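In case you want the letters, here they are:
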Amino acid sequence: MYVKKEFTFDAAHYLEKYHGKCERLHGHTYRLAITVKGEPDSEGMVMDFLELKAIVQEKVLSALDHSCLNDLVAQPTTENMVLWIKEKLEPEFKGKSCSLAEIELWESPGSSVILRLEKI
């Protein structure tokens, strides 16, 4: 079973190795979806939504929201941001009964990157 929680955050970035409008400082309202996989426990939950929210808030959103992403990630493309998010979240699932299954990050309403850690 898969459990998904979505978040939004605002951040700015510029792409040094890109030639076009995105090489200049600009901002986005990002949308982030985190999906975990597991079996329901004795309480009937794969993972409590509040626990997932707390982990993502502490490990990801607290750093990214209202930041200049270049201060955190070299060449902060959406692809590189997803890999950064994976590095921050994966250790949080060690020893848990569920695992991180998918990270999806939208840079704009019609453009996203998906990283599948397990085949869904």
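Right above here is the structure, for reference.
Read on for a plain summary of the structure. Here the structure is a predicted model, which is why all the values come from computation and not from measurement.

### Some thoughts on the nonpolar core
Counting residues in hydrophobic clusters, the biggest one holds 29 residues, and the most contacted among them are Leu 32, Ile 34, Val 56, Val 60 and Ile 85. At the level of elements, β1 (2-13), β2 (26-38), α1 (49-64), α2 (78-89) and β4 (98-108) are the ones that each hand at least two residues to this core. Top element by residues in this core is α1. It accounts for six residues. With sequence-adjacent residues up to four places away left out, Val 60 is seen in contact with Leu 32, Ile 55, Trp 84, Ile 85, Lys 88 and Leu 89.

### Digging into unusual backbone geometry
The phi dihedral of His 66 falls on the positive side, at around 55°, and the residue is not glycine. Its location among the elements puts His 66 in the loop between α1 and β3 (67-68). Given the relative accessible area of 64%, His 66 is considered exposed. We note that Gln 75 has phi near 50°; this positive angle belongs to a residue other than glycine.

### Some words on the pattern of salt bridges
This model, assessed by the stated rule, comprises six salt bridges. Where Lys 86 meets Glu 90, a salt bridge forms, and the shortest distance between an N and an O atom there is 3.4 Å. When its relative accessible area of 32% is taken as the criterion, Glu 90 is described as partly exposed. Salt bridges sharing partners connect three or more residues here, namely Glu 58, Lys 59 and Glu 92.

Definitions and cut-offs
- Residues numbered from 1 in each chain as written.
- Predicted model: local features only at pLDDT ≥ 70, side-chain atom pairs only at ≥ 80, totals over all residues.
- Heavy atoms only, no water.
- Core = buried A, V, L, I, M, F, W, Y, C linked by side-chain atoms within 4.5 Å.
- Buried < 20%, exposed > 50% of the residue type's maximum accessible area, 1.4 Å probe, protein only.
- Helix = DSSP H or I, 4+ residues; strand = E, 2+ residues; numbered from the N terminus.
- Contact = heavy atoms within 4.5 Å.
- Salt bridge = Lys/Arg side-chain N within 4 Å of Asp/Glu carboxyl O.

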